[in-house]
Amino acid sequence: MKALVLTEYNHFDLQDLPKPTIRPNEVLVRVQAVGICGSDVHGMDGSSGRRIPPIVMGHEASGIIAEVGADVKDWATGDRVTFDSTVYALDDWYSRRGMYNLSDGREVVGVSTPDFKRQGAFAEYVAVPQHILYAIPDNVTFTQAALVEPVAVALHALSLTPIQVNDSAVVVGAGMIGLFVIQALKLAGCGAIIAIDLDDDRLALAQKLGATHCINARQPDVIKQVQALTQGRGADVSFEVVGAGPTVKTAIDCVRKGATVTLVGNLAPTVEIPLQAVVTRQLRLQGSCAINGEYEAALSLISSGRMNVEAILSAEVPLAEGANWFKRLYDKEKGLIKVVLKP
């Protein structure tokens, strides 16, 4: 099979690799569409430490089952499927308590660390266990289904956050996940949804998808603007969807006393926080890790048209052009948000 391999940091080769051999509980998926995730782009240069070469990356994918293992039930060749990015044990202590995203020994498709390596979907075929599969509704395309994973990430962040109808929310970062968070906040009945970003084009798209107000982070009075939009108190909740020190501080500064700040971005391994502000304002800071059962909801929202995934799609290109598009994303080419590869 053809596969796009990160052979060394910042270098890809399109190689001929053997098709994956499946285990009894796995299926072989013939990939039809796979998205380039921001974590792949940052993993490409080694900065995240989670894409150790050589590795076939790619965890946002959809396809057709080409082969089923001996122990696979309820799935057959020809089925249209997508799959969770997290591979977890069903008998793990966390999995049994409904927190499979935190399971010990969890692995992520298309990720390699000092602890594990699992080949991903920037290839013609990928092997995945049956318990992370989801059927694609008939009216959902393979490209749309390749974007279910980031939608589910956004939904998981909301599931952890106490939100009431007409609450105010700040979303710091209007990239792909941030735009899905904004759409989910609108569906949840939030009143003021305030998007903050450095890119005016992304802010314009955020407004199109449900943000009621947009603020460019370069403006000197960002916090005052948020307070003016929230009765002088600050927002009821905020979501940080970048993963850097300045944006985390903005997410904290923008909320009222007693609010919840949900941290979704994880670009930087460590950041500083204004500890006294967190303590004296009794803020709740929480992380949101991956996905924990939100795939069905994400597929339903896309199928019904309530979640717009095409709006963030920048290009659909052949797998053979993947290296070039990785570079364009890495260079932060204006107008690029999401690229989907077609093996």
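Looking at an unreviewed UniProt entry, the protein chain carries the name Galactitol-1-phosphate 5-dehydrogenase, with the source organism given as Spirosoma taeanense. Entered under Cofactor (unreviewed entry) in the UniProt record, the comment concerning the protein chain runs "Zn(2+)". In its Sequence similarities (unreviewed entry) section, the UniProt entry covering the protein chain states "Belongs to the zinc-containing alcohol dehydrogenase family."

(A) Region of interest: the packing of helix α4 (residues 148–159) against helix α10 (residues 295–304). At a minimum axis distance of 8 Å, the contact between α4 and α10 shows a crossing angle of 115 degrees. Compared by their axis directions, α4 and α10 come out roughly perpendicular. Here α4 and α10 pass one another in a crossing that is right-handed. Every residue of α10 that contacts α4 at Val148, Glu149, Val151, Ala152 and Leu155 is listed here: Tyr295, Ala297, Ala298, Leu299, Leu301 and Ile302. Grouping the constituent residues of the contact of α4 with α10 by class yields 10 nonpolar, no polar and one charged.

(B) Structural context of the sheet that holds strand β17 (residues 284–287). Spatially, the six strands line up as an open sheet ordered β14-β13-β12-β15-β16-β17, and their pairing is parallel. One side of each edge strand has no neighbouring strand; the edge strands of this open sheet are β14 (213–216) and β17. If you compare each strand with its neighbour and ignore which way they point, the axes differ by 20 degrees on average. Sheet analysis places strand β13 (residues 193–197) next to β14, joined by four bridges and oriented parallel. If you follow Asp197 over to β14, its bridge partner there is Asn216. Against the sheet, helix α6 (residues 200–208) touches β13 and β14, its axis set at about 170 degrees to β14.

(C) Main features of a nonpolar patch on the surface. Taken together, the side chains of Val271, Ile273, Leu275, Val279 and Leu285 make up a nonpolar region of the molecular surface, amounting to roughly 410 Å² of accessible area. Position of Val279 relative to the elements: it lies in helix α9 (residues 275–280). On the accessibility criterion, Val279 (57% relative accessible area) is exposed.

(D) Inspection of the domain arrangement of the protein chain at higher detail. As assigned here, the protein chain comprises domain 1 (2–135 + 312–341) and domain 2 (153–287). Contacts between the two partners involve eight residues from domain 1 and, on the opposite side, 10 residues from domain 2. Buried area between domain 1 and domain 2, both sides added, is near 770 Å², and the carbon and sulfur share of it is 67%. Among the ionic pairs, Asp199 bridges to Lys334, the shortest N-O distance being 3.9 Å. Partitioning the side of domain 1 that touches domain 2 into residue classes produces three nonpolar, two polar and three charged.

(E) Fine view of the UniProt feature "domain: Enoyl reductase (ER)" (unreviewed entry) in the protein chain. UniProt feature "domain: Enoyl reductase (ER)" (unreviewed entry): in the numbering of this structure it lies at residues 7–307. With 27% helix and 26% strand, the stretch residues 7–307 has end C-alpha atoms that lie 36 Å from each other.

(F) Local environment of the state of the cysteines. All told, the structure shown has zero disulfides when counted by the stated rule. Cysteine Cys254 is unpaired, with the sulfur of Cys214 as its nearest cysteine sulfur at 13 Å. Of the cysteine sulfurs around Cys289, a residue in no disulfide, the closest is that of Cys37, at 13 Å.

(G) Main features of the packing of α4 against helix α5 (residues 176–187). Relative to each other, α4 and α5 sit at 55 degrees, their axes nearing to 8 Å. As summarised for this structure, α4 and α5 are arranged oblique, according to the angle between their axes. α4 and α5 meet at a crossing whose hand is right-handed. Contacts from Pro150, Val151, Val153, Ala154, Leu155 and Leu158 in α4 reach Met176, Ile177, Phe180, Val181, Ala184 and Leu185 in α5. A per-class count over the contact of α4 with α5 returns 12 nonpolar, no polar and no charged.

(H) A look at the side chain of Asn216. Within the secondary structure, Asn216 sits in strand β14. Taking relative accessible area as the criterion, Asn216 reaches 10% and is therefore assigned buried. Setting aside residues up to four positions removed in sequence, Asn216 forms contacts with Asp197, Leu198, Asp199, Asp200, Leu203 and Val222.

(I) Looking closely at the side chain of Arg118. Summarising the element assignment, Arg118 is placed in strand β9 (residues 117–118). Overall, Arg118 belongs to the buried group, its relative accessible area being 14%. Reaching out from Arg118, the side chain makes a polar contact with the side chain of Glu107 at a distance of 3.0 Å. Those residues in contact with Arg118 that sit more than four places away from it in its chain are Glu26, Ile55, Val56, Val87, Glu107, Val108, Val109, Gly110, Val111, Ala127 and Pro129.

Definitions and cut-offs
Residues numbered from 1 in each chain as written. Predicted model: local features only at pLDDT ≥ 70, side-chain atom pairs only at ≥ 80, totals over all residues. Heavy atoms only, no water. UniProt positions renumbered as here; feature names shortened; annotations may be inferred. Axes fitted to C-alpha atoms, helices over the stretch in contact; angles between N-to-C directions. Helix = DSSP H or I, 4+ residues; strand = E, 2+ residues; numbered from the N terminus. Parallel < 35°, antiparallel > 145°, perpendicular 65-115°, else oblique. Left-handed = near helix turned anticlockwise from the far one by under 90°. Contact = heavy atoms within 4.5 Å. Nonpolar A, V, L, I, M, F, W, Y, C, P; charged D, E, K, R; others polar. Pairing = 2+ DSSP bridges. Patch = residues over 30% accessible without salt bridge, like charges linked within 9 Å, V, L, I, M, F, W, Y side chains within 5 Å. Areas by Shrake-Rupley, 256 points an atom, 1.4 Å probe, with all protein chains shown as cover. Salt bridge = Lys/Arg side-chain N within 4 Å of Asp/Glu carboxyl O. Buried < 20%, exposed > 50% of the residue type's maximum accessible area, 1.4 Å probe, protein only. Domains from an automatic or database assignment. Buried area = accessible area lost by both parts, 1.4 Å probe. Disulfide = S-S within 2.5 Å. Polar contact = N/O pair within 3.5 Å; in protein donor to acceptor, adjacent residues only side chain to side chain.

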